[in-house]
Each structure stands twice: as C-alpha cells, then as structure tokens.
Number of protein chains: 4
Amino acid sequence: MSTVLIRNGTIITASDRYAADVYIERGVISLIGRELSLPADTVIDASGLLVMPGGIDAHTHLDMPAGDTTSSDDFETGTVAAAHGGTTTVIDYATQAPGQGLHPALEAWKGRAEGQAVIDYAFHMIVRELTDQVAIEMDQMVRHEGVTSFKFFMAYPGVLMVDDATIFRGLLKTRDNGGLVCIHAENGGVINALVNEALRRRDIAPRFHATTRPPLTEGEATARAIALAELAGAPLYIVHLSCSEALEGVRRARDKGLAVYAETCPQYLFLSAAEYDREGFEGAKYVMSPPLRAAQHQEALWGGIRRNDLQVVATDHCPFCMEEPPQKQAGKDDFSKIPNGAPGIETRLMLMWDGGVRTGRIDAHRFVDITSTSPAKIFGLWPQKGAIAVGADADLVIWHPEKEVTLSAATLHMRVDYNPYEGRVVRGAPSTVLSRGDVVVDDGAYVGARGRGRFIRRVPGRPAGL
Amino acid sequence: MSTVLIRNGTIITASDRYAADVYIERGVISLIGRELSLPADTVIDASGLLVMPGGIDAHTHLDMPAGDTTSSDDFETGTVAAAHGGTTTVIDYATQAPGQGLHPALEAWKGRAEGQAVIDYAFHMIVRELTDQVAIEMDQMVRHEGVTSFKFFMAYPGVLMVDDATIFRGLLKTRDNGGLVCIHAENGGVINALVNEALRRRDIAPRFHATTRPPLTEGEATARAIALAELAGAPLYIVHLSCSEALEGVRRARDKGLAVYAETCPQYLFLSAAEYDREGFEGAKYVMSPPLRAAQHQEALWGGIRRNDLQVVATDHCPFCMEEPPQKQAGKDDFSKIPNGAPGIETRLMLMWDGGVRTGRIDAHRFVDITSTSPAKIFGLWPQKGAIAVGADADLVIWHPEKEVTLSAATLHMRVDYNPYEGRVVRGAPSTVLSRGDVVVDDGAYVGARGRGRFIRRVPGRPAGL
Amino acid sequence: MSTVLIRNGTIITASDRYAADVYIERGVISLIGRELSLPADTVIDASGLLVMPGGIDAHTHLDMPAGDTTSSDDFETGTVAAAHGGTTTVIDYATQAPGQGLHPALEAWKGRAEGQAVIDYAFHMIVRELTDQVAIEMDQMVRHEGVTSFKFFMAYPGVLMVDDATIFRGLLKTRDNGGLVCIHAENGGVINALVNEALRRRDIAPRFHATTRPPLTEGEATARAIALAELAGAPLYIVHLSCSEALEGVRRARDKGLAVYAETCPQYLFLSAAEYDREGFEGAKYVMSPPLRAAQHQEALWGGIRRNDLQVVATDHCPFCMEEPPQKQAGKDDFSKIPNGAPGIETRLMLMWDGGVRTGRIDAHRFVDITSTSPAKIFGLWPQKGAIAVGADADLVIWHPEKEVTLSAATLHMRVDYNPYEGRVVRGAPSTVLSRGDVVVDDGAYVGARGRGRFIRRVPGRPAGL
Amino acid sequence: MSTVLIRNGTIITASDRYAADVYIERGVISLIGRELSLPADTVIDASGLLVMPGGIDAHTHLDMPAGDTTSSDDFETGTVAAAHGGTTTVIDYATQAPGQGLHPALEAWKGRAEGQAVIDYAFHMIVRELTDQVAIEMDQMVRHEGVTSFKFFMAYPGVLMVDDATIFRGLLKTRDNGGLVCIHAENGGVINALVNEALRRRDIAPRFHATTRPPLTEGEATARAIALAELAGAPLYIVHLSCSEALEGVRRARDKGLAVYAETCPQYLFLSAAEYDREGFEGAKYVMSPPLRAAQHQEALWGGIRRNDLQVVATDHCPFCMEEPPQKQAGKDDFSKIPNGAPGIETRLMLMWDGGVRTGRIDAHRFVDITSTSPAKIFGLWPQKGAIAVGADADLVIWHPEKEVTLSAATLHMRVDYNPYEGRVVRGAPSTVLSRGDVVVDDGAYVGARGRGRFIRRVPGRPAGL
C-alpha cells in the first residue's frame, strides 16, 4: 500500500502546535518529525499550511426520507461535499420506522451508504417506539453493531415525538449499556398549539415557523431532558442547541457535574431570524428546527463554545431544494409543511475558521477540538479518528488559513439549489484532504475513488474529561 | 550532543494518547513514531509506562527570606526535589524589597538560582510598591527581561499588602504591556482584626490561624480582584485558590467571558482543616495562607478543575522546618508568628495522579493539562515547555502508573524535617525524568549534573482558549 | 342583627401591630379604636391575646371521591375542624368528571357544601379535559360563577394528568379571562416508570412511595409549568411545593419578574421522609403527593417563605383513615394503591405559629400574610376576607400566643383516625374564632350554627405587589 | 389639645385598603371607623382621596457642611419642603468631625435642627474614625441617645473613606449593640485612580464624573460590604443603591438569608446618565455619588423594589445651587470639585406615585411600604411612625391620586435654584399633610407652626420579616 509524506506543515491538535512532517503508511500515521527524508509514493508540500485532523460531522441526514420526499444529498453527493469542506467522517441518523425494530433500520441505512459514501461513516439510531423488544435491540446495537447513540425527539407530535416516560426508559437503558441518548429538545406540544393558533390567524408565511418555536420551547425541553438524565443517572447529548435559554440549562447541569454534552451548528452562530424577513418565499431556505434565533443568541453560543458548555459543532445537514425539485414549495401556503432542514455539510469548517478563529473568538486548537476531537471522543471514534497521532487514521485536512472562498450554491458541491450563505466570502479553506491516507480532495477537486468510505463501528463508554 | 530514544511508551498529551517512540536530539524532541530504530546514546525502555510533559510548578518560594529566616529549600535542594517528583520547570517568586526597584530584585533572585537550580526556572515578580518608576520597570520586565507576571498581595497589612488603587494601577499596566497580574486574595484588614481579637482572647494555638482566615475573607478578596481586573480590562490570575467561595467568583467571571485564571494546590485538594486539631504544636506544619479548609471544599475544587475554572495545580512550595532548625517554633506562643508555608514541590504529580486520575476525578489528559500544558500557556513558556511535540524541549516524565510510594520526610528529597502527607501511600510515580533531553532522575536517584538549570525568558501575551 | 365588641386585644395585620378594640356590626368590622365603650350583644375580652384575620385554607379536598372511597372529612366535619384551628374560609377543589362539563362539577361540589359547611367556602376547579366547550366554560366560571382558578395535573397519568399542550391552552385562556392556573407539578411519566420498576422489584412498602417520586420529578415539572406560563404570558400558582429543587425554579421565575406564586404546606415544613421508615404499615399515614422530603428541604422552604417566593401556606387537607374504615389499607400490598393524602385543616395555624413565629423564623405579620392575607389577595377574596379593616368580614381568630396544645387524633376534630403529628406539643392556639361576626369556636368548643357557611364568589384579576 | 376627624377617605397601609374615617386625639390616631360622627376641632373631607402614612425620608443631608460650603437647605427650609411633598419624618446624617467624638457631633446636629425643623426628625451618625473611645460612644448612642445607625464610607479617600478593618470593627459593634451599619458603597481607591487618569487627559467636564465611577465600582464595594457583614454576623443597610451590579449582590445575600437591606432613590429610578450630556455645565446639576446610570438599570431597580431586595426609597437630598450662590461652579474646571448632591426631599412621593403606582410597577401598598413603613421598621421608628393604626402618631398624607403637578424649581419649596426634573408633569400629590395631628400643609400651603418638629429617639433591634 502507498505511503504519503506531508512536508513542512504546521500541525495543530486540540492542545498543541508545532512544525513537523507527517509520514503515513497503510492509511495510518506512522511518523512525525522534523525534516523527514523518507521515500514516499506521494509527497505533499504543506509549507505555510496547517495540518489538522479531518472534520467529524456528528449530525447529518443524508438520503433521508421526509414525508413524500427525501433529503436532496445522498451518501455519495453528501460525502463528496463533506470531503470538499475538510470533513472526513460523518455520523448519520438511521431512523426506526414505526412498528419496525432497530436492526432493519440499521441495515436500511447501511444499504444507503455502502458503495456510495466516499469518506468513513457511522450511525446514530433514532428511536420512535421503545417496546421491550426494542430495548433489547438497543443493547445489541451498542454491544455488537457499533451503534452507540440513540436519538429521541421531544418535538413533532404524532410523527417523531415520544413522551417523557419513553425518554426516561431510554436513558435507563444507556446508563446500563454504555450508550448515549441524543435529544432533539423542543416542546412539541406547545409548538403545536402555537402553530395551530398561527394557522388559524392565517399566519402562513415562512417567518411564522420561527415565531411558533420561541427559544423558551427549546429551553424548557432542554432543561427537562437534563432532569430526566439526572434522574436516570445517564449521560446526555443535546443536538443542535440554538439559544441562550437552552445553553443556560446545559451550563447549570455541567456546573453540577452532570455528564451533559451539547452541540451547536454554524447556522446558529452565523445566521439570525432576520433571514425570515426575506421577501417572498425566500425565508423557506432557512426553515429548520430549531429555527434561526435573534442575533444576540450568537455571542452567547460562542461563549458556550469557549467555556466548553458546547463541545461539538456539527451541521444537521438536511438539504431540500427550493425549485429543482420544488421540495420546499410543499409549504408554500402553510409554513408548517415546509420540509425542515438546510445544507451545511461542506461549509462548516470554513465558517468556523473564518468566523471563529480569524475573529479571535476561539483559537485553532479549540477549532480542532469542536470540529473533530471532541465529537470523536464523545461518540467513541477516538483515537482512531479526531487526532493527529502515531497510529491514528490519516484523516487529515491540510488547511490554507488565508485562502479566500465565496460560498455559493453554484460552486459548492452539495446537491441542493441554494445556499444559506450565498455570496459570503470566507478566508481559510482546505487545500488538500486525506481520508485514511488517500488524497480525496486536492486543490478543489475530488480525486478519490468512488464509494471508498467504510462503516465505522463505534466504541461505547463515557468520555472522561469532557 | 547526545541523542536519546524512548521506546515503547504511551504518549499522553493534554488531548491525545498514543503508543509511540520518541527521539531526542540536542535536548529537543525531533521524531515521534512507531518502532523507531535509530542509533541513540541513551535508550530508555518505556514499556508499560506513560510519557508525559514534565511538570511545571508555577508557584514556588525557594530560598525565600521570611522575617528572620529563609524558606528551607534553596534552588539546589528544591529543584532536585522537584525533579524527583517529575517537575522539570519552576516559576519562582522574586520579591521587590521596600524602596527597591524591580531590576535589583530580579538580579537577586537570579543570583540565588544560577548554578544552583538543576531544572529550568523562570520568575514572577512580587510588587510591594508601585511608584511611577516601578511602573516603568514593569514594562521593562515584560519586554526585555522575560518576567511577564506580577503578584500583588491583598493580605499581610504592613508587610506585603497593597491597596486596591495600587492593584488597579498594576492591572492597567499589564493590560497595556501584555503581562499578567497574579493575586494573593485574602482580605488582610479583616483577617488582622480577627487575629487581634483572637490574640486578645489568648487563642494562640495553630488552629486559630484557620479560624481567623475564614473562607469568606478569600471569597471577598477574590471577587474584588476580579472586579478590579474587569474594570481595568486586564487578565487576572488567582494564586492558591482554596475554597468554594473564591471558586464561585472565578466561575462567574469566566461565565461572563473574562480572562480570569486560577490555580489551586494539592494541599487544598487532599488535606483539610482537621489537621489543625492535631495535638500540641503539630498543627503548625499546616500553617499556610490561605489555610486548609473544611473537607467539603475539596470536591468543589475538583469540580472547578474538571470545569476548567481552575486551570493550574501548583504547589506554593514554601517549606519551614519544625525542629531542625526550629523555624515554625517562632509562633509557639502566637500562631500569627508561625512562618506561613509548607513543602510540596516533590509530591504534586504523585498526589494528583493518585487522587485525581486513579480515582476517576480527572483523566490523564487533564492531569497533563493542569500540571504542565496550561501553566506553560498561561505563563508564556509554551510550546517550548508543556508539550510533547516535535521541536519542544525534551522535558519529559516517564511515568509508572502503578508504582507505589509512601510519602515521608525521611525518603523524599525536600530539605525540611516533616511532610504534610507523612505515611500516605500513593500509586503512580516518575520512573525516569528528563530535562532538555538529559536524564536527571532515574529510578529514584538524581543523576543529572549540578546547577544545570537555565533561566527561561517568558513571552507575554494572553493565551487564547483557556 | 347582633353586635360584637372585642376589647383589649392586640391587632396583628400583615403589616401592622397595635392595641385596639374592634366593634362588629352585621358581621362586618365597623370600628377600630382605643377603649371603645359601645353597647354590644357580645363582649369578648381579648386581654393578652392577639386579634388576627381568620385563616384561609386555599387547598382542601373535602368529601372528595377517590377511586372507590371518599376523603373522610365532609364539608361539615372538615369545616368544623377548620374553625377549631382558626381557619374561617376554605377554597376546595371541585373536580371535572371525564366527559363532563365544568358547570355540573361546580353544582356537584356546591351540593356537597351547602347546608354542611360551617364557615365560608369557595371553589377551584380541576380540569381534566379541555375541549373547546370546556374552554368556553372556563370563561363562564371566571365571569359568572366566581370560580377563578383552575388546576391542571402533571402527575397521575391515565387519571388526572394532562399533557403540556392542554396546560398551555389553559394558560392562554386564563391569560385572557383573568383567571389563574394552579398546577400539581410532578412528572407523572417518570414517576410511573419508577413505580413500575419498584413494583417489579417487589418494593411494595409505603416508603417506596417517596423513593419513586424524587424531588427532581417535582423540580422538573415546576420549571416546565413556569416555562409554559411564561410562554403564554399568564400568571401561575404552584400548589403544595415541597422541595428546594422546585423552589429554585420559582425563585428564578420571580427574579425575572414573572407572576408566579407558590404554596407550601405544614407537612413539608415540619415532617420529613424519615416518617416513611416507621414500622409496619405506619408509613401509609404519610403517603401524600408530593411525598415528605429529606429534612434539609425544610429550611429551604422557610427561606422561601421569608423571601416571599412562597406566598401561601395551605394544607392540601385530604384525609383517609387507617383502620376505621381501612381506607389506607387499599395499598397494603402495593404502595401505589394507598390513597394519597393526610389531614391538616385543623392544625395549620398552630403549627405555623409554634414552629414559625415562636422559633423566630417568621414574625407574626408574615404569619398573617401567608395564612390569610396573601391567599385572599391571590384568589380574589380580599379585602372581604384576609384583612382586619373597617368594612371587612369579621372573620377573626383571637389567638392565645402561649396556649399549649398536644396534637392528637383523639382530641382534634377532623374525622380521621390518626394524626400525622400525634403527640406533638405546640404553643399558640385559637382562643375564640369568629366567622362573619358569629362566634363559632369558643375555648375549644364549636358553638356556631350548623351549615351556616356561605359560598363566596371570587373576583378575577392578578394581585399587584405579590 | 385639638381633635381632628378625617372623613370619607380610603385608607391605604402597607397591606390593606379600606374606606374609613380616622379620628385623632392629642396627635395620635384613636379611632378608625365607618361614618364616624364625633365632634372635632378640625374636620377634613377626604372624599375621593387616599389616607396614607406620611413619608419617612431615611436619607437627608440638611445644613450639611461640605468643604467651603453647606448644603443649601437648612432644617427649616428642608423640612418645609419635605412636608409639602408628603414627608413627615426625616432621618438626617450627623457627621463626626476628625478627632471629634460622636456626642459633640450629635449635639451639633441637634443644634442645627432644634427650633428649625417643622416635622419630626432623627439622626444617623457618620463615623470617620473608629478609635476605642468612639466604639464606646457607639454603644452609648444606641442605648441612650436614640441614634441606632452608623454610616461608613468606602469612597472619598482622604476625606470620609475608612478601610475594611474599620468597617468590620463597626459591624462587630452593631452586631452586639443592636445598631445598624449603613454603607456608602463605592470603591474609592479605584475611582480616585480613574479620576486622576481623567484629569490627566484633561477630561474635566461634569460627564466625567459618571465615567470615573462605573457601576462595577459600586457593585464591588456593595459585595465587599456584604461579605464584611456576613463575616461579622451583623445586619447591613446599603444606602443609595443605583445599579444592577450592586442589586445583584444584595439579592444573593438575601437569598442566603442574610439581614441585608438596601435603599434606592428616585433619581436612580427616573433619571439616567444621559443627563450628563446636557450642554455646557448643565450636567453639574446631576453630579451626585453614585452618579446617574445608563437607563437599563432603572427597570432592574424596579424589579428589586418589587422583589423586596430594595426595601426603602429615600432621597439622599443634598442640594447645592448652580448660580445663587454658585456652589456647583466650584467644579467648573474640574468635575471632581463639583459638590456632590441634588435636591429631592419634596418630590419623592410624587415621583414614586406617578412613575411607580400609576405605571403599574408597584401597587399603592408597596408605595406605602417603601416610602414609610419599611424605613420606619428598619430604623426603629415603627409603630410610632410608618403606620395607620390606633395609637400611632397621626403623621398622615391625604393623597390626591389624580392631582397634576409640574415639577419646577420655581414652584417647589426646596431652597435651591434648579430642579433635576424641571418641567416634568406628574399625577398624584398631597392634598393635606398632618404631622402628629397638626395640619401642616393644606392645599399647597405650609400652615404649620415654625420649628415644631421634635427629635425622635429610635429603638435598636433588627426588624423581623424584612
């Protein structure tokens, strides 16, 4: 198998920074040193560039059925786009169908990914019904299948929402089997009442998506989920935290010493509810749940990242087209029917570098931590993934810290006909991306093999020190 | 110059863990890799051992004048003891004499250390008088002398204590010159009143040292120092934080996003005020300021370490003998005359491993962080010190995680006739210690040259991401 | 109609204290002055005694159907007991039956009380189903029937529990109609799961009632109810708050300026979970929901009373006999079948005086406030009730501050065969009790007419300044 | 002596509201009742009006020496103005001169007031030096002189400021003698440094008075004073609290159960730092300490009033003329030389009614409480003052709730040539004011005798329930 030598780069890990060359054998980092002069099949000159662990996107929805339609990126287009953005692993959400067990769901999602994904992937499992049999399957998932995390929804009554007792039983399960419960924390009952009120008033435009999901509905649900986890003695992971009300609950929990983790997403750090005021149906581009928030939440979230109350920045990548096909149009006359979600798998690292590191809000180490090392640790991928270390998979992004990119649906690689950041100019972007030692993206072109990604079995267990 | 190869060890950094060999040239790490087969003058087999950055002790008082006496360890005995304990750098406190400038103080302390210290050392500066001339010298210290931190005392009225206005002007200075103010945070005025009351009641025994310095005197002073720093727009470092009242102030400050850092010490994590109830004059062994606290503060401090409200564990090593010579006896009839301080430079890492990592309170990465990486970053020593990285000084401790040691004045190397932890059995201890690639301690024996330590100029600047 | 003159007493109101005589005409206070010499049908000498507003018990369950049985006090025995204890008004909970409207429920409860009650009474309404029709009835209750408060249960799934959306719609209703939502705040879903687990383990004794309803289940539900009220923009009243976790939620809400009120009960101030360790089935006497808590919650609740985070002390009087008849025995082999509730309507003022005023935890003004004036203001009875003021109903308790009473089922007047405080000696008790100017209790004997109590229509509207 | 009958009014106390007539004999309330038909020397028709306890102003500086000048109101002009505004008692600050004892200070201030004041008055004592002898005098003041409160300054270094040890010793004294320490809480040392910096930059205009006393200097000092009081186990009273930073400290203290009280003033509720931007030297009118704050602090303070974190609204009345004589001009070229203070003794109740009760921020009961009942209780005047109760002094304000008044120096009665609220129209004002049963103000005219006010000896002891 081939060898790779990355020369003259500056290595950035979650804690350290140093100039060194990296040598890769059989897809694994074997040597780190000064001025290595070893024969290599591929030599990459990283002068002036940073060598960082490839991004891990802990929250994606590729090829996901949603009512009559499907999220517009499949595992091929989605992972190619991810790679373009410097992400080398995704953890996608497999979904239990009503009446179905967890194994068929896992098989279905594996089927979607195999031969399609170009980078490595793993799965969380969405639990919609927790029968005694499903509870047994949760153990099997954790112990035998490498699926160690389970999402429960507090929103979407009648579709995905489960009641508190179900979540609580799920938490008792993971307390015992070493798994981790992930929570979509919004109070679905209250939101439903607000949506019904809005529709009764004929408030049907996209912006009412936001007004009917006020921050406190997320804050309440987050606090409730934390209370359930504390009662169960189980760790907890809050997905796509978007507002200070929810963050405050996480902060209090962590101040008490609870094993509560939370993720936010670039959209909550860089976009605000002002987008819903765009003219016509344009606001539909930003219909996702939780919705975009008032701008003042952004700095609160950055504070949460700095204080490690937020450990992960993921994307909740779940794209639907505006026109081709007209997926978002389903809610033309009723905001509540707009498919929820937006694209983000490709732009995460660029946005976080430009808006986080370049602005001084975080340093490069924290950038690596929240985009790669911490998700790897929380979800049982580390140290195989998420580290630049001898023996780790050579999933690397060679980063050009000054490269200027204009974000646009036209030039990005996600299969969706708009981009939420259309026209935004960012500085800092991948120069070369390696997956297990294979150069997959080079100077803006995908150069890897098709369908080369592998399913990664994750390891259960609560991460210390996070 | 000689080369060293450390084989088969497991490297632990503040964020990562991996099996690799380390190659050292000219005192610097040059290569990290799997199964290195390179010629080396010294080969160390680290099978089953951990290779970690050597400890950095950010708070020592070696050869320190104190009234009529001097702390009992000088730079030779103190640094030999430090090395035995796995610490490879100390930052000692030079003290401005009344009426004196800062340069003479620095020269005096350099004179004490040069040719004596066996590991590398740097200096903080204690400021007792802040005239306009001294303010100019603060700039010179930061810019030209590599002394980038300045301690002010809120305690010890008539001796070291300065008023709020002085601290505030010191903060304005460091805000501008990139330095860092360190604070001994206890309300000296209140404590003095309480001490006078106690002596009036003839409460003269060592235990009244603790009752006259209640936690709130530290909590108040800590909050006040933080307010001054916030008003000045300057970063702040709280030394030897001992109690939950003070920690709460730090937590609030950090939740607000202020650049406030704090250190605690093993004595506050492992010893309690119960020690003052020992019979006779034995309590004098534990007379230090702040005093030991009620046991419930300990878990609060561990929580602070986990939450990164406390970034540093240092020692405040400042030993005085009980009998030979009878230094502590000065306070036989008046606790307020007992020299304040206790030994700790040698036992820090062993205590933190045994009581922190082995108990599950922190993981090995956090251990490295608080004992080495974070102090290096906060005090401008990183990445030369505090990291295992290509290009960093090879200051390393090869750690035996299961080695059992009985702490005792008889076998430890500090020059003091008692040990606060006498008889305590700990697991986890240095096997071999390297300073700039020189093996200085091997299997319990000091094997380095005498006086080999070097003065390290520190680099100003606020650490991002801490 | 008759006149009454109370001479030489010391009047205590929620804010003032002064020596004065009180003259009553037609059941109403008409004159307050020094040394009144007016002709009166009845002259009471209150020398050395305190004259205070009669107690208002805002939470009772008289003659309440509960499964196969009924709470053991009816409106006659219960209100006679109340009067003996110095309480002159009760607000009882009428309960909507499934499928029933609110009007029939009100009529049913009026039927239970009329001709039975010996003191004045009003009704809250328990809402179990909130159809559109019931929502209309809520308006009618507030506007036409003098029933201005509605309780919703977050506990007892399958029986009384409603979901968040229902509570939220109830809050929107009261926001608009000036009513007030009362909440039983315990997370029924989690409790059910814990109860099922306990029964599966054959943990069937009364003490498992407490372990399966941990404080956090109440804290969570309280916080959730507050969030729903904040989202709805409606005031909220938490019934029988029992623990510091719930109190903390109320405190935060009130610090934010929300109109959140809360009541606690003597049992949570004077009894603890230790009662459940009594031998045999004795613990069943203390089976109520929320359950008794660990002793440390008591001082937190007293703090809440002092800080006005708790405005009301009511009883949740809901007695069931141990033996005659064996009501509590229903849960002999399964704690979850023990009827929930305990007697308290008679002992409230004596306990609060003895344990509150005499211990210095509160002063006599706060005693009047929490037992009478504040509930009157919150529930729309003031200033007709809850005040010593010209024009107010002469509902008065003439209090002997030093009278010693031994609490015992044998001597108290509630129709139940045990007392939770059996044998406790308290100081401070009613000497004479007047209801609308009628002496109803005199020196321990009921001397009023039978069935003399009247239904009081309450006035909607949010109380300012509470 | 004469009798007075007030007919047809509505009585408002801190807790109650009712229609009743009030009969006054020998200056004391003797009878309260419906439609009293008693012979009276004076009959007042209060139809449509409210009868409330006269205001108590717990913070005034009448005839106060300040450098080369004196506050412009003496005890005659000041108390006449107070009476016009509905205030019937003032507690003025007597000041210990350097080197002087407390008795001479008390005699001096009594001399200033006797024969001058037209309403009753009491004194606090400002302590500048706390020698052992002065400590003894503190006891004598409390026990024999009716002076039960002592103010210490944390600001004005070199003039009034004392150090922490002095305050702490003062607190230990009052802990033992039942007195109360009042604190001017601003960090004088930091402020001095900021003032010096400002003057060095030639920032000499009035607005720099505010920028050199930022809120955190008050927040810090407040927290420090509270810590000292907690350490001493003594109650504490914070004067003229102006900002949310300070309020937060008080809130935390009270949440802990500490006996900490605080006062704010109308200027902090109704005026903001924007006044300092007035053109020319106009800002000098608003130079007081603490300075006016940014507008957002106002709602925080109102929240504090509602939550009872602030118990008292006083004035800190300390007027200096702008032109005649040019007292404020002393600081024409140096803001730090502007005499600190502004007039307010006459406008307090009108502002609080108009801006508090009429806006719905507080109800009329809370209005009575913060302007009269609570200060009376805290400072040992109650129930002689601060209550409408049989036996209490007939210090009453008969209030016209709708009367419109335009505040203006031209029509108000304070001896000062400007008014901070010039032109503001308020609704709600005194119709008639009685002091010990004497009508002193009637329909806008002072009709009382000259010098009729009496010195009131206050009673030590901590108020329960506040």
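Please read all numbers here as calculations on a predicted model, not as lab measurements.

Caption draft 1: Structural detail: the interface of chain B and chain A. Counting residues at the interface gives 31 residues for chain B and 31 residues for chain A. Buried area between chain B and chain A, both sides added, is near 2,500 Å², and the carbon and sulfur share of it is 51%. Area buried by chain B at its contact with chain A is led by B:Ser15, B:Arg307 and B:Val390, which between them contribute 25% of it. Connecting chain B to chain A are six salt bridges. In this structure, B:Arg251 and A:Asp255 form a salt bridge, with 3.6 Å as the shortest nitrogen-oxygen distance. Every element with two or more residues in the side of chain B that touches chain A is listed here: strand 3 (17-19), strand 5 (28-33), helix 8 (244-255) and helix 12 (364-378) of chain B. A total of four residues in the side of chain B that touches chain A trace back to one element, the largest contributor, which is strand 5 of chain B. By residue class, the composition of the side of chain B that touches chain A is 13 nonpolar, eight polar and 10 charged. Across three bridges, the pairing between strand 5 (residues 28-33) of chain A and strand 5 of chain B is antiparallel. Bridging across to strand 5 of chain B, A:Ile32 finds its partner in B:Ile32.

Caption draft 2: Fine view of the relation of the copies chain B and chain A. Overlaying chain B with chain A gives an RMSD of 0.0 Å, the required rotation being 180 degrees about an axis along which the chain moves by 0.0 Å. Such values leave the two copies arranged in the relation of a two-fold axis. Closest approach to the rotation axis among the C-alpha atoms of chain B is made by B:Ile32, whose C-alpha sits 2.5 Å away. Comparing interface residues between copies, 100% of those in chain B also sit at the interface in chain A, which points to an isologous, same-surface contact.

Caption draft 3: Representation of the sheet that holds strand 16 (residues 260-264) of chain D. Residue and element names in this part refer to chain D. Read across the open sheet, the eight strands follow the order 8-11-12-13-14-15-16-17; overall the sheet is parallel. Only two strands of the sheet have a single partner each, and these edge strands are strand 8 (55-60) and strand 17 (312-313). Of the pairings in the sheet, the one linking strand 16 to strand 17 comprises two bridges and is parallel in character. Paired with Thr264 across the two strands is Val313, which belongs to strand 17.

Caption draft 4: Local environment of the side chain of B:Ser71. Residues and elements named next belong to chain B. Following the sequence through the fold, Ser71 ends up in the loop between strand 10 (69-70) and helix 1 (75-84). When its relative accessible area of 4% is taken as the criterion, Ser71 is described as buried. Residues within four places of Ser71 in sequence aside, it is in contact with His61, Leu62, Asp63, Met64, Cys318, Pro319 and Phe320.

Caption draft 5: A look at the interface of chain D and chain C. Contacts between the two partners involve 31 residues from chain D, matched on the other side by 32 residues from chain C. Together chain D and chain C conceal approximately 2,500 Å² of surface at their shared face, both sides included; 51% is due to carbon and sulfur atoms. Along the contact surface separating chain D from chain C lie six salt bridges. Linking chain D with chain C are 12 residue pairs in polar contact (both at pLDDT 80 or more). Here the side of chain D that touches chain C gets four residues from one element, more than from any other, and that element is strand 5 (residues 28-33) of chain D. Partitioned by chemical class, the residues of the side of chain D that touches chain C number 14 nonpolar, seven polar and 10 charged.

Caption draft 6: Structural view of the relation of the copies chain D and chain C. If you rotate chain D by 180 degrees and push it 0.0 Å along the axis, it lands on chain C with an RMSD of 0.0 Å. Of the interface residues in chain D, 100% have counterparts in chain C that sit at the interface too, so the contact is made through matching surfaces.

Caption draft 7: Inspection of the packing of helix 7 (residues 215-232) of chain B against helix 8 of chain B at higher detail. All names here are of chain B. Where helix 7 meets helix 8, the closest approach of the two axes is 7 Å, and the angle between their N-to-C directions is 20 degrees. On the basis of their axis angle, the class for helix 7 and helix 8 is roughly parallel. For the element pair helix 7 and helix 8, the recorded crossing hand is right-handed. Facing Pro215, Glu218, Gly219, Thr222 and Ile226 of helix 7, the residues of helix 8 in contact are Glu245, Ala246, Gly249, Val250 and Ala253. Its residues assigned to classes, the contact of helix 7 with helix 8 shows five nonpolar, three polar and two charged.

Caption draft 8: Molecular detail of the nonpolar core. Residue and element names in this part refer to chain C. Counting 117 residues, the largest nonpolar core has Met125, Ile183 and Leu236 as the members making the most contacts within it. Considering each element in turn, this core owes the most residues, eight residues, to helix 7 (residues 215-232). Setting aside residues no more than four positions away along its own chain, Met125 makes contact with Ala94, Gln96, Leu102, Ala105, Leu106, Met141, Val147, Ser149, Phe150 and Lys151.

Caption draft 9: Representation of helix 4 (residues 164-177) of chain D in the model. Residues and elements named next belong to chain D. Its 14 residues give helix 4 an end-to-end C-alpha distance of 20 Å, which sits within 8% of 20 Å, the value for a rise of 1.5 Å per residue. For helix 4, a buried count of 10 out of 14 residues is recorded, marking the element as mostly surrounded by other parts of the structure. Restricting attention to buried positions, one finds in helix 4 the residues Asp164, Ala165, Thr166, Ile167, Phe168, Gly170, Leu171, Leu172, Thr174 and Asn177. In the segment just after helix 4, Gly178 is the residue with positive phi, at about 85 degrees.

Thresholds, definitions, all that
- The residue numbering used here restarts from 1 in each chain and proceeds along that chain's sequence as written.
- Written order decides the labels, with chains lettered from A and ligands numbered from 1.
- Owing to the predicted nature of the model, reporting of local features is limited to residues with pLDDT of at least 70; listing and counting of side-chain atom pairs is limited to 80 or more, with chain, interface and lining totals taken over all residues.
- The side-chain values count all of the structure's non-hydrogen atoms but skip hydrogen atoms and water molecules.
- Pairs of residues are marked as contacts when any of their non-hydrogen atoms sit within 4.5 Å.
- Accessible-area loss on putting two parts together, using a 1.4 Å probe and summing over both, is the definition of buried area adopted here.
- A pair is scored as a salt bridge if a Lys or Arg side-chain nitrogen falls within 4 Å of a carboxyl oxygen belonging to Asp or Glu.
- Here a strand is any run of E in DSSP of at least two residues, a helix any run of H or I of at least four, and the numbering for each starts at the N terminus.
- Note that Gly is not counted as nonpolar here; it falls among the polar residues with everything else outside the nonpolar set of Ala, Val, Leu, Ile, Met, Phe, Trp, Tyr, Cys and Pro and the charged set of Asp, Glu, Lys and Arg.
- Paired strands, in this sense, are two strands between which DSSP finds at least two bridges.
- All copies are superposed by least squares; the fitting set is the C-alpha atoms of residues with a pLDDT of at least 70 in both.
- Throughout, exposure labels follow a simple rule: accessible area from a 1.4 Å probe, protein chains only, divided by the maximum for the residue type, with under 20% read as buried, over 50% as exposed, and the rest as partly exposed.
- Residues adjacent in sequence count toward polar contacts only when both atoms are side-chain atoms; beyond that, a polar contact is any pair of N or O atoms within 3.5 Å, and within protein one must be able to donate a hydrogen and the other to accept it.
- Note on geometry: axes are lines fitted to C-alpha atoms, helical ones only across the stretch in contact, with angles between N-to-C directions running from 0 to 180 degrees.
- Note on terminology: angles under 35 degrees are roughly parallel, angles over 145 are roughly antiparallel, angles of 65 to 115 are roughly perpendicular, and the others are oblique.
- Definitions for this section: a left-handed crossing has its near helix turned counterclockwise from the far helix by less than a right angle. A right-handed crossing has that turn clockwise.
- In this description, a nonpolar core means a group of buried Ala, Val, Leu, Ile, Met, Phe, Trp, Tyr and Cys residues linked to one another through side-chain atoms lying within 4.5 Å.
- Working rule for helices: expected span equals 1.5 Å times residues minus one.

Without other data, these values stay purely geometric and don't point to any function.
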